[in-house]
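Commentary on secondary and tertiary structure
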Amino acid sequence: MTTTGDVDFLQELRFEINEHNLPIRSDQIRTRIAAYPMMIGSQALLAIFLVWLMWEQLAPSVLMGWLAALLSVLALDALFLARNRQKTRSIAECRIWHHHFLFFVTVIGLLWGSTGVLMFVPGDLGYQALLICVILGLAAGAVTINPVHPPSLYIWLFVLILPITINELVGGGVHLVLGVMLLLFLGMVLNAGQSLSLMFLQSVRRSYENTSLVEQLTAQKRLAEQARELAETANTEKSRFLAAASHDLRQPLQALVLFSDALKGSVGEKDKGIKKLAGQIESSVNALLSMFNELLNVSRLEAGVVQPQWLDFDVQPLFDRLYVDFAQMAQAKGLVFEIPSGAAWPEGLVVHSDPWLLEQIVRNFLSNAIRYTETGKVELRCQFDGDRLKIVVVDTGVGISADDLPHIFEEYFQAKNSHRDRRLGLGLGLAIVGRVGKLLGYPITVDSTPGIGSTFCLAIALGDSSCRSWPYSLTESDHDVAGVRVALLEDDPDIRQTEASLLESWGCQVFAGVVPDEVIAQFQAAGTRPDILVSDYRLPEGMTAIHASRQMRAIWGEALPVLVLTGDTASKTLHEIYSSNAVLLHKPIAPARLRSLIHLVLHGK
């Protein structure tokens, strides 16, 4: 296709049609065809009107002969139009129309031009003016209505205007003046016709170029969409693989946690070798548990099921918990470890945030700081900034290079762990921090100098002390679950037996089984009802904990609390569990946490 630019008008007069300009030529021809009915109809009416006006001045035979010839040619033109209107798509069809235009414009133009000779009344300027008006009207109409086929336009103007112009020029006097005026008019309409033809051609070309550009952009967008869909598919497959692997590994890991806890509790003080081995097993299990918990946190944040629980609470208990948890770790490396004590704020320091998500962020800051600091100190500071509190964690560790700094919140990125030493974590801690920070609306800033250390900072809103709550005040001794009737569903017999024994050791009354009907029958036989349902998510025969909860709630009411244990991290599963008004616990879960959550669910705290 020809590109937009300066148009060679002589080339347009030749009106060549080839595969490169076919779309444009086809558009030009269709535009002229669209004007055909008006052109043919207006010329037929004008011819009849002209003959009627000239009836007294010329021989009727001349007038009727001219009229019959013109109407016949117009009829043939119209007949060709009716038969070939849609044939404008191929090069051959367009060339047929091109030759048709040239032939009929020439014939019809000569018939109209002949009026400048046949109907010229030498001694009557009035009739000459009438004839000139008709001819000039036909010329102007052709230029304004149909300038899309330049060869036809120019042939029409010349054969229409030249005969009467020549007649006027040879007449002398006033006729000479009229002839000169007609020549000037011919030059003006030729120039106007050229301008309009080129303007139309440029508009058609730009239209096709814009269409081509849109098609290119659409194709690029389609490719981008395909790439995005492939990326999303790959991410989905990754999540499915992670969920499946997580579920398959969490089942035996859950059993391992329970067995480890049971082994530790059964070993006497005299069995020092076995007790040491039990401690090593517990340490390894806790390391695995930590890794899975990091993967779980990413999955939950990706699924969008984490919703902040905004509270006004005293932040000092959080600092105390963090000090107890990290002080020994820091001191073992010979580091100075400092966190503000309660004496710094005698009246307490109340903030407005989600206590558990805030704790997750600060824990990751401190854990990374201690992990990557070999000498010096790790310090948590608090700085007031108007109505906000800045929590700043400063270390004298290895630091982060300027090249690595933009990537530290990406999953699995570890600047100082190219060999993937698992003692240095999975590279998910700061990725979780980044996502939690966005969820809470906290901008997190990082300053770091290699070999000097790093500073991590976030700002949180100060809270209202009159609405103060104490989210960190519960201790394990508060979690008394004695006498609680537990409906336990688990298809793995070893895990089911271990969980039942653990619950019974806490004073619970356990009714355990593989499917809901089995457990329901036990309750009905005992003449009692469950206080809570604790169920593995996946049950035999395609059932899930959701089916079990619906079945039991249909019997004992919608208020029956449900705890779902699962190793599945798929977004769909997480949403399904949360939408069923159940509490989700991911395997493996520490026994103390299971006990705490049963207590919290039952007592609504």
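In the block above lies the structure referred to throughout.
Residues numbered from 1 in each chain as written. Predicted model: local features only at pLDDT ≥ 70, side-chain atom pairs only at ≥ 80, totals over all residues. Heavy atoms only, no water.

Judged by nonpolar contacts, the single largest core of 51 residues is most densely connected at Trp66, Trp112, Trp156 and Leu157. Setting aside its immediate chain neighbours within four residues, tryptophan 66 contacts Ala47, Leu50, Val51, Leu111, Trp112, Ser114, Thr115, Leu118 and Met119. In terms of nonpolar packing, the next biggest core, distinct from the first, is built from 41 residues, Phe313, Val315, Ile339 and Ile400 among them. (Core = buried A, V, L, I, M, F, W, Y, C linked by side-chain atoms within 4.5 Å. Buried < 20%, exposed > 50% of the residue type's maximum accessible area, 1.4 Å probe, protein only. Contact = heavy atoms within 4.5 Å.)

Quick look at unusual backbone geometry now. Located in the positive-phi region is glutamate 541, a residue other than glycine, with phi close to 60 degrees. With respect to the helices and strands, the residue glutamate 541 is situated in the loop between strand S10 (532-536) and helix H16 (545-556). Given the relative accessible area of 76%, glutamate 541 is considered exposed. Its identity as a non-glycine residue notwithstanding, asparagine 581 has a phi of 60 degrees, on the positive side. By secondary structure assignment, the location of asparagine 581 is in the loop between helix H17 (571-579) and strand S12 (583-586). For asparagine 581, a relative accessible area of 59% translates into the label exposed. (Helix = DSSP H or I, 4+ residues; strand = E, 2+ residues; numbered from the N terminus.)

Assignment of secondary structure puts threonine 88 in the loop between helix H4 (60-84) and helix H5 (91-113). In contact with threonine 88, not counting residues within four places along its chain, are Ser26, Ile29, Arg30, Ile33, Glu93, Cys94 and Trp97.

Before going further, it helps to spend a moment on the environment of valine 350. For valine 350, the position within the fold is in strand S3 (residues 350-353). Sequence separation between valine 350 and cysteine 467 is 117 residues; the distance between their C-alpha atoms is 9.3 Å. When neighbours within four sequence positions are excluded, valine 350 is seen to be in contact with Asp312, Phe313, Asp314, Leu462, Gly463, Asp464, Ser465 and Arg468.

Let us now look at the pattern of salt bridges. In total, this model carries nine salt bridges according to the counting rule given. Residues aspartate 314 and arginine 468 are paired through a salt bridge, measuring 3.9 Å at the closest nitrogen-oxygen approach. Of this pair, aspartate 314 sits in strand S1 (residues 311-314) while arginine 468 sits in the loop between strand S7 (453-462) and strand S8 (485-489), placing them 154 residues apart in sequence. Aspartate 314 sits in the buried class, given a relative accessible area of 7%. The partly exposed category is assigned to arginine 468, whose relative accessible area is 26%. In this structure, the salt-bridge partner of aspartate 531 is arginine 485, at a minimum N-O distance of 3.1 Å. Taken as a pair, aspartate 531 in the loop between helix H15 (516-526) and S10 and arginine 485 in strand S8 lie far apart in primary sequence, 46 residues in all. Since its relative accessible area comes to 24%, aspartate 531 is described here as partly exposed. (Salt bridge = Lys/Arg side-chain N within 4 Å of Asp/Glu carboxyl O.)

So, on to the packing of aromatic side chains. All chains considered together, the criterion is met by 10 aromatic pairs. Taken together, a centroid distance of 6.1 Å and an interplanar angle of 35 degrees make the contact between phenylalanine 49 and tryptophan 52 tilted. Taken as a pair, phenylalanine 49 and tryptophan 52 lie in helix H3 (residues 36-54) at a separation of three residues, close to a single helical turn. The class for tryptophan 52 is exposed, based on a relative accessible area of 61%. Measuring from centroid to centroid gives 4.1 Å for phenylalanine 511 and phenylalanine 523, while their planes differ by 35 degrees, and the two rings are tilted. Placement of the pair is phenylalanine 511 in strand S9 (residues 509-513) and phenylalanine 523 in helix H15, with a sequence separation of 12 residues. (Phe/Tyr/Trp six-rings, centres within 6.5 Å; stacked < 30°, edge-to-face > 60°.)

Glancing now at the sheet that holds S9. Strand pairing in a sheet relies on backbone hydrogen bonds. The paired strands run either parallel or antiparallel. With parallel pairing, five strands are arranged side by side in an open sheet as S9-S8-S10-S11-S12. Two strands close off the open sheet at either side, each with one partner strand: S9 and S12. Ignoring strand direction, the axes of neighbouring strands in this sheet form an average angle of 20 degrees. Relative to strand S11 (residues 562-566), S10 runs parallel, the two being bridged by four bridges. Bridging from a neighbouring strand, valine 534 pairs with leucine 563 of S11. (Pairing = 2+ DSSP bridges. Axes fitted to C-alpha atoms, helices over the stretch in contact; angles between N-to-C directions.)

Read these as layout, nothing more, since geometry by itself doesn't imply function.
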